[in-house]
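# Structural features, examined
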Amino acid sequence: MAGIRQVVVIGAGPAGAATAARLHRRGVRDVLVLDRARFPRDKPCGGGLTGRAADALAELGLRLTVPRVASALARVRFGAHEHAVGLDRPVAIVRRLDFDASLVEQVRQLGVEVRTGARVEALDVRCDAVALRLESGEELAARIVVGADGVGSLVRKRLCGTHRIAPHRLFVQEVAAQRADTAMLYDFTPMREGLRGYLWAFPLADGRTNVGLMHYPSVRQDGPGLRRLLQAGLARHGIEAPMRDARGWPAWGYQPRAPVAAPRLLTVGDAAGIDALTGEGIAVALEHGCIAGDAAARALADSDFRFADYRRLLRRAVVGRELSLDRWLAARLYQAGPGWQRWAGVALADPGILRLYAARVAGTEVLADRKLRLLRALAWRWAQWHGRRTGPDAAAP
Ligand SMILES: Cc1cc2nc3c(=O)[nH]c(=O)nc-3n(C[C@H](O)[C@H](O)[C@H](O)COP(=O)(O)OP(=O)(O)OC[C@H]3O[C@@H](n4cnc5c(N)ncnc54)[C@H](O)[C@@H]3O)c2cc1C
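In this text, all values refer to a predicted model and were calculated from it rather than measured experimentally.

Conventions adopted
- Residues numbered from 1 in each chain as written.
- Predicted model: local features only at pLDDT ≥ 70, side-chain atom pairs only at ≥ 80, totals over all residues.
- Heavy atoms only, no water.
- Salt bridge = Lys/Arg side-chain N within 4 Å of Asp/Glu carboxyl O.
- Helix = DSSP H or I, 4+ residues; strand = E, 2+ residues; numbered from the N terminus.
- Buried < 20%, exposed > 50% of the residue type's maximum accessible area, 1.4 Å probe, protein only.
- Core = buried A, V, L, I, M, F, W, Y, C linked by side-chain atoms within 4.5 Å.
- Contact = heavy atoms within 4.5 Å.
- Near = heavy atom within 4 Å.
- Polar contact = N/O pair within 3.5 Å; in protein donor to acceptor, adjacent residues only side chain to side chain.
- Areas by Shrake-Rupley, 256 points an atom, 1.4 Å probe, with all protein chains shown as cover.
- Nonpolar A, V, L, I, M, F, W, Y, C, P; charged D, E, K, R; others polar.
- 1 Å grid on protein atoms, 1.4 Å probe; cavity = no way out; pocket = protein on both sides within 12 Å on 5 of 7 lines; lining within 4 Å.
- Points joined across faces, edges and corners; volume = space filled by probe spheres on them.

### A closer look at the pattern of salt bridges
Side chains that differ in sign of charge can pair as their charged atoms come close. Under the defined criterion, the tally for this structure stands at 26 salt bridges. Two residues, Glu59 and Arg22, come together in a salt bridge whose shortest N-O distance is 3.4 Å. Here the residue Glu59 occupies a position in helix α2 (residues 51-60), and Arg22 occupies one in helix α1 (residues 14-25), the gap between them amounting to 37 residues. When its relative accessible area of 43% is taken as the criterion, Glu59 is described as partly exposed. Overall, Arg22 belongs to the buried group, its relative accessible area being 7%. As a salt-bridge pair, Glu193 and Arg236 come within 3.2 Å of each other at their nearest N and O atoms.

Below, the structure is given as structure tokens:
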């Protein structure tokens, strides 16, 4: 086995690239990023980069250089009601094939070594280092290993053992669809037919449309069932989508108490958990990268590799507080019975609630800091709906 590296990052997606860039900023030069794929590689995704993602990229010194659509309008639909919500800062919709490759290129330009086509098969934490074995048979060792290896993370498996939670499921595909404008569509109507999530349609730079849905695992739905819901939901918007190209993908919702670190090991991005309400994770991955990069640089400086406070750091940072709030909201919205869902339809029509959420998407507000205002608005809508005992169609403004 060759000499011990300071940090090995497994995975060169947004979380891995962000961690490597942050480590470089913190003056750690001996960083090796390994990815089993060769870039450009695709990743099933809606490709929506929110204002928070833009802020995190800027903080990391990374730039958005790839073709994108800047969408400053979201249409939120539930049943017959659609609400147009303006965003102070547009969401940039990218293709992951381009975006991830551009991050890898930028990290390489910093001087970071990124090896692709290098799958890590096993890791073994020893007292002075972590030993890694690659599929090629090569062996490596590092003082710290960062698991930026996505939803099937080896590092996550090591931390969580056999304890498994049911994953969110997301389906996505691209369609050649005509569209009138560059608005993003979020449609919660399929909740009436058994979905626990929403359907989206996002414009792409070449005129195509990225369509998909997210399903929260409170109700069991199989792949064919979810594809049917997606197809029927899109048909309501005049979008024809033969489902043979729809790709399904699992994702773990963030759990504040789940292990995210151990001595010499850290997880970031999808390996640590995504947003349970929306299924989004690019901004999360970039923000995690900043925190993990700082934590690893500190550990090397102090020769203290326990990472005892990493879970608390993730939880208390803006990203952790926002994820915790969305976890709570997801449980209310997606675990509820039909009565609550009608209320949710009413809440989704509340202009104040939509404005608050839009400010969070734009990155101008931290929703977790406006919890009281959000809860008051939700409670008011609840009282209104409960008093009238009507459905969303009648109660919506
Ligand atoms: C259908 C769908 C739609 C989505 N839409 C959005 C959206 O619109 N906006 C948003 O913000 N988020 C969205 N997300 C979530 C987003 O895609 C993820 O949160 C994001 O990709 C997480 O980045 P990551 O770097 O943690 O993981 P990944 O992007 O998955 O990168 C992990 C990398 O690790 C590598 N790897 C894995 N195992 C190994 C190994 N053993 N050895 C070496 N390399 C390994 C992989 O090859 C991969 O390149 C969506 C997700 C899905 C599934």
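After that view, the rundown keeps rolling.
### Comments concerning the nonpolar core
The biggest cluster of nonpolar side chains holds 55 residues, and the ones touching the most others in it are Val7, Val31, Ile144 and Tyr310. A total of 13 residues in this core trace back to one element, the largest contributor, which is helix α6 (residues 282-302). Residues in contact with Ile144, not counting those within four places in the same chain, are Gln6, Val7, Val8, Arg264, Ala296, Ala299, Leu300, Phe305 and Phe307. The next biggest cluster of nonpolar side chains, apart from the first, holds 44 residues, and it includes Val91, Trp200, Met214 and Ala347.

### Some details on the site of the ligand
As a structural note, the neighbourhood of the ligand is formed by 36 residues, with Asp35, Gly46, Arg96, Asp270 and Ile282 the closest of them. At 3.0 Å from an oxygen atom of the ligand is found a main-chain nitrogen or oxygen belonging to Gly48. The separation between a nitrogen atom of the ligand and a polar main-chain atom of Val120 is 2.9 Å. A total of 1000 Å² of accessible area belongs to the ligand in isolation, and the protein chains cover 95% of it. Of all the secondary-structure elements, those providing two or more residues to the shell around the ligand are α1, β2 (31-35), β10 (168-175), β12 (197-203) and α6. Of the residues that constitute the shell around the ligand, the class distribution is 18 nonpolar, nine polar and nine charged.

### Comments concerning empty space enclosed by the protein
A full pass over the atoms with the stated rule returns three cavities of 30 Å³ or more. Size it by volume and the largest cavity reaches roughly 580 Å³. The wall of the largest cavity is formed by 27 residues, among which Phe188, Leu277, Leu348, Leu354 and Tyr357 lie closest to the centre. Looking at which element gives the most residues to the lining of the largest cavity, the answer is helix α10 (residues 351-362), with five residues. Of the residues contributing to the lining of the largest cavity, the split by class is 24 nonpolar, one polar and two charged. As a volume, the second largest cavity reaches approximately 170 Å³. Thr50, Arg52, Asp275, Glu280 and Ala283 are, among the 17 residues lining the second largest cavity, the residues nearest its centre. Contributions of two or more residues to the lining of the second largest cavity are made by β3 (48-49), α2, α6, α8 (318-334) and α10. When grouped by side-chain class, the residues that make up the lining of the second largest cavity number eight nonpolar, three polar and six charged.

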